[in-house]
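# A look at the structure
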Amino acid sequence: MTRLINNYALKRIFLIGYMGSGKSSALKQLGKLLSWETYDLDRLFEERYKISVQDFFHKYDETAFRKLESQLLKETVNYENAIIATGGGTPCFYDNMEWMNANGTTIFIKVSPKTAVNRLINSKKKRPLIEGKSEQELLEYVERHYGERMPFYEKAHITVKGENLDAKEILSLITLSYNA
Ligand code: S3P
């Protein structure tokens, strides 16, 4: 676990994981538990550019989104004692994953594709990459797409199962890794 021993490990926590993995809920829980500031990268994007992520994808494209998303991510270096929930694709573009690993503790919230799909079907959040898909199409898409992203997610310092998330367990894993 020497990867974790860097000066920034305990200043920032980055939550990563596929759409529907429960990053937002983990963000709230961990924020309360630690009394740290919480940030959601999509919200930061929408506040900065005054446009929803969904509308941005429609008006411009994913390439433009990824560029601005990466810039915003790197601005979080200014936050200390902060937990940052990233978008599902954030770790998979540019050097974002390496950057997060070097500037904080990364937590991969891992759920099965089936869990992600069930949550996505019931979610109110608008997600441009999956809009208009039937349940069957969504399941096929998520299985393939999640698989492609897995090598990035697996670079995280810590992986936790997201099905029955427990913030206290995440904290004890961080402490254990830090002391290892
Ligand atoms: C995306 C996930 C979304 C958002 C954008 C793209 C992705 O965030 O950043 O729609 O590429 O997986 P959530 O993971 O919070 O849904």
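In short, a report on the structure. (Residues numbered from 1 in each chain as written. Predicted model: local features only at pLDDT ≥ 70, side-chain atom pairs only at ≥ 80, totals over all residues. Heavy atoms only, no water.)

### A closer look at the nonpolar core
By size, the foremost hydrophobic cluster in this structure holds 36 residues, and its most contacted members are Y18, F45, V142, Y146 and Y153. Put simply, the parts of the chain that give this core at least two residues each are strand 1 (12–16), helix 2 (41–49), helix 3 (53–59), helix 4 (62–75), strand 3 (82–85), helix 5 (96–103), helix 6 (113–122) and helix 7 (135–153). If one sorts the elements of this core by residue count, helix 7 sits on top with 7 residues. Setting aside its immediate chain neighbours within four residues, Y18 contacts K23, G88, A116, Y141, V142, H145, Y146, R149 and Y153. Counting 17 residues, the second largest nonpolar core, distinct from the first, contains I13, L15, A167 and I170. (Core = buried A, V, L, I, M, F, W, Y, C linked by side-chain atoms within 4.5 Å. Buried < 20%, exposed > 50% of the residue type's maximum accessible area, 1.4 Å probe, protein only. Helix = DSSP H or I, 4+ residues; strand = E, 2+ residues; numbered from the N terminus. Contact = heavy atoms within 4.5 Å.)

### A short note on the layout of surface pockets
Computed from the structure, the largest pocket encloses a volume of approximately 550 Å³. Lining the largest pocket we find 31 residues, and of these M19, K23, D42, K125 and R127 sit closest to its centre. Counting only elements with at least two residues in the lining of the largest pocket, the list comes to helix 1 (23–34), helix 2, helix 3, helix 4 and helix 6. Considering every element that reaches the lining of the largest pocket, the biggest residue donor is helix 1, with 4 residues. Of the residues contributing to the lining of the largest pocket, the split by class is 10 nonpolar, 10 polar and 11 charged. Empty space within the second largest pocket amounts to approximately 180 Å³. Forming the walls of the second largest pocket are 14 residues, and the residues nearest its centre are L120, R127, I130, E131 and G132. Of all the secondary-structure elements, those providing two or more residues to the lining of the second largest pocket are helix 6 and helix 7. Taken together, the residues of the lining of the second largest pocket sort by class into 4 nonpolar, 4 polar and 6 charged. (1 Å grid on protein atoms, 1.4 Å probe; cavity = no way out; pocket = protein on both sides within 12 Å on 5 of 7 lines; lining within 4 Å. Points joined across faces, edges and corners; volume = space filled by probe spheres on them. Nonpolar A, V, L, I, M, F, W, Y, C, P; charged D, E, K, R; others polar.)

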